[in-house]
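# Architecture and fold: a report
What follows is the residue order along each chain.
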Amino acid sequence: MRSHVVLAVFKRNFWSYFSGVIGYLFIVVFVFLGAFAAFQEKFFANNVASLDQLNEWFPQLLLFIIPAITMGIWSEERKLGTEELLFTLPVSNLEVLFGKYLAVVAVYTVALGFSLTNVLILNWIGSPDPGVIMTTYLGYWLAGCALLAAGMVASQLTSNATVAFVLGSALCAVPVFAERLSFVLKSVVPDGVFEGLSLSSQLKPFGIGLIPSQGLFYFVALAGLMLYINYVLIGYRHWNNGAAGTNMGPQYLVRSVSLLLILFGLGVVLSQKGFRSDWTAEKLYSFSSTTSQVVKDLKSDRPVSIQAFVSRTPPRDYVSVKSTLLGLLGQYGQSSPNVTVRIVEVDPASEQAEEAKQYGIEFRDVQFEREGRMLVEKVAMGAVINSGANEVVIPHFGKGTPIEYELTRSIQVAANEKRKTIGILESDAKLTGGFDMQTFRQSPEWRIVAELKKSYNVESVPASAPIHDSKFDVLISVLPSSLGANELDNLVNYVKTGKPVLILDDPLPATNPSLAPRQPKPKAGGNPMMSMGMPNEQKAFGGKATSLVDLLGIEWVYDQIVWDNTSLYLHPEYEKLLREEIISISPQSGNSKAFNPDSPITNRLQEVMLFFSGSIKERELRSGQEKTLEFTPLLLTGRNSGLLDWDDLVKSSMFGMNIDSNPRRITDEVAHIVAAEIVSTKDAKDNKINVIYVADTDLVSDFFFHLRETKQFNLDLDNVTFVLNAVDKLADDTAMIDLRNRRPKVRTLTAIERQTKAFNAAANEERKLASDEAKKALKDAKDRLAEKVEKIKNNESLDDDSKMQQLMMAQQEEARRLEVEEANINQAKEKKIDESKTKMDRLTREVESSYYTRSLLASPIPAIMLGLIVWLIRKNNEQRDIAPARRIGGRG
């Protein structure tokens, strides 16, 4: 192939595309539609600086721009009659084909280059990951290059450019919508066969910062196949020359089908044995140093075997889970001779499914959406790791499961002969399950216990007897406020030994509000008749756990709840479900130290959500008192927060406890501490303290484990990570903390956040003012009643019976009036709060709409400007080439 010939064909076709206005118009429309897709409403709702929305729509955009570029590449030659002239020149078919293909690739590259305005806009609004942006655009370019060859095939089939455009769109639609074919042809073809052949599925890894060998091969193979078909069609004019030419059609058809099958086979091999290059800033998809060290430390006399049982055709939401799992397993198998990997693809009714069930890996019902319908499908996605007699089972990898962490942790646990021991102190919380004397039913084990059992030996520890001070590496005490006097003394004495203890207490446990410290201890069977004649068991210090908090040198008000509006700010889409007492610990609260940046427990966390949490603070030293404890805050709220007393939030009735939907919240502008590490100083003489104290128990509830596994509500919370990090830190086993903390950096739309922050502050101030006005109006109404009652009491002209009668009448009358006034006051308060919220939402939408409009208008400007410049240059050249006498207005 002669390069100068290819270059000549390239130049001719490249510059001909830009010879008219239509070429620029297609590029302008393409760039505009790209911006429209990238910055639609969901982009602002997600508050993530990424091109996820454009990734979703880009394959469909290619159905427009690809035929627009290729429609005239062959059809115009045929229409103008230059095709025969072209092939009579001393050039080969291959040289012409490559010259034209490079020309359309160059045109597409120019169009894609103009769409980089989307990246500039994204950097203006937020701070995207540059590595992810680069791989995303590489994916765009490769996808376009593959479809360009298909578009050229369509142009070969007609001499009409419009028809070529339609045919090109239809031909390109096959790989773009291939995954939908599996749904349409589900009765003929097994589900999932076409999904791996779809352009969308191959683009997904590029969109998250990966360059997979499978994706590279897919695009190169598709382009190669289509170019081969182009080459065959170019030679079509020779097929009818002579008798020998009559069989060329079937021969080339067989060749094309054979090539397709070969490429398909290679693609299957690469999907199992290929590589993935990680370009994310945090190297999220590469082996961490922790994993590399764990694998390196494996001994030849204790090899590790990994058996993974995965669904053969998982639903779309689990395709990425399966791909990541298989990719990591391949890396484990290649990284050490001491690791063997077996991958078993299973169907629900297969023998392999029975084998998986024996290991504790079962199919789970997974709900997902397809073609606008909610479907449920059984999915198996688990693994069992063996080393010697040790076996660790991972029953299920969910959408939110940190796969590398789970595998590496399991390998480490299986390879080690000894495990550390965690003790869980028995309390009314019943973490370890067992028989519940209150309900006379079996209580299930909390999932935090099952999670700890993956890494540690876990034992239940009776609180009624002294706790063995050398048996446990870490003791966990949940709701120590529920303990009796003797039980609390045993815990306090254990804490004094300096053994590591994780304590979680809660002024209002959302999982079971009846266990709140202020509430009495539950009675057996929940029925007073069953305990008749028996003294009620009392909580130590009335639930205040005074001896424990005194020992720790902290202040913890057992019936005070902290509130903060950060969760409403971070998740406005769930405003109907959230309230200020559901708090989010996050740096986006305005407190850069919401997570302690110096602690390995918290320095990589992004958001922890707590329900009706309490708060603690370090107790001030008395004059002359020596400091013996180091108090290190771990979790803090933002400063737009405050505290609520129990009586302001909880109302008792004959039906039990009711939570006031809108109590009076007063901002105290204090960052309240929710969790802290408390250790004795080196100079401490009496007691040795090593405690992490958390003023909330709900963060270890099963609800947050379910969220972590399923990514339900699109919440990416660190509750589970925080607790596991705390346990590992106390157990002095921090190898897994860095690996567990691996995750993408939150890259938000900072420009919008800066503007909407003021709106939130104003709305909070208006809500506070409305609550204050309502409370003042209610107080005035009550004062009027008290004044009237006092006036009657002081009226000496009335005898006692008359006073009593008038007092009853006045109280009844004023009570009715007060009830009406209170309803009106609360209604007016709610109206003002709703108006404030509506105003804030409107202002926020206006800011987002402003950015959206500017993004749409700015995106095509460079392409338009270049088009105008080229047009002016050509106009000037045309005028210059015309003789002055022939110009309009020139002399004859």
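Residues numbered from 1 in each chain as written. Predicted model: local features only at pLDDT ≥ 70, side-chain atom pairs only at ≥ 80, totals over all residues. Heavy atoms only, no water.

With that out of the way, let us pick up the side chain of S586. For S586, the location among the structural elements is in the loop between β17 (582-585) and β18 (608-611). A polar contact is formed between the side chain of S586 and the backbone nitrogen of Q588, at a distance of 3.1 Å. With residues up to four places along the chain from it excluded, the contact list for S586 reads L570, N591, A594, F595 and Q606. (Helix = DSSP H or I, 4+ residues; strand = E, 2+ residues; numbered from the N terminus. Polar contact = N/O pair within 3.5 Å; in protein donor to acceptor, adjacent residues only side chain to side chain. Contact = heavy atoms within 4.5 Å.)

On to the pairing of strand β7 (residues 381-387), then. If a strand is regular, its side chains alternate between the two faces of the sheet. Counting buried residues in β7 gives seven out of seven residues, a clear majority hidden from the surface. Neither face of β7 is left uncovered, since the one carrying M381, A383, I385 and S387 and the one carrying G382, V384 and N386 both have all their residues buried. Of the strand pairs in this sheet, strand β3 (residues 304-311) and β7 are connected by six bridges, and their pairing is antiparallel. Bridge assignment links A308 to a residue of β7, and that residue is A383. (Buried < 20%, exposed > 50% of the residue type's maximum accessible area, 1.4 Å probe, protein only. Pairing = 2+ DSSP bridges.)

Another point: the pattern of salt bridges. Counting across every chain of the model gives 24 salt bridges. A salt bridge links E445 to K453; its shortest N-O distance comes to 2.8 Å. Under the relative-accessibility criterion, E445 is labelled partly exposed at 32%. Given the relative accessible area of 38%, K453 is considered partly exposed. Of the charged contacts, one joins R619 and D550 as a salt bridge, the two residues approaching to 2.7 Å between their closest N and O atoms. Of this pair, R619 sits in the loop between β19 (616-618) and β20 (629-636) while D550 sits in helix α21 (residues 546-552), and the two are 69 residues apart along the sequence. For R619, a relative accessible area of 32% corresponds to the partly exposed category. The exposure class assigned to D550 is partly exposed, which follows from its relative accessible area of 40%. (Salt bridge = Lys/Arg side-chain N within 4 Å of Asp/Glu carboxyl O.)

With that out of the way, let us pick up the sheet that holds β3. In space, the four strands of this open sheet follow the order β4-β3-β7-β8, with mixed pairing throughout. Looking at strand neighbours, the two that pair on one side only are β4 (339-346) and β8 (390-394), the edges of this open sheet. Along the sheet, successive strands turn relative to each other by an average axial angle of 15 degrees, direction set aside. Relative to β4, helix α17 (residues 351-358) is tilted by about 125 degrees, and along the sheet it contacts β3 and β4. Of the strands in this sheet, β3, β7 and β8 are in contact with helix α18 (residues 403-415), which crosses β8 at around 165 degrees. (Axes fitted to C-alpha atoms, helices over the stretch in contact; angles between N-to-C directions.)

Quick look at the environment of F704 now. Within the secondary structure, F704 is located in helix α24 (residues 702-710). Looking at F704, the relative accessible area reads 3%, which means it is buried. The spacing of F704 and I448 is 256 residues in sequence and 9.8 Å in space, taken between C-alpha atoms. With near-sequence residues (within four places) excluded, F704 lies in contact with M609, F611, D698, L699, L717, N719 and V720.

Function cannot be inferred from these measures alone, as they are strictly geometric.
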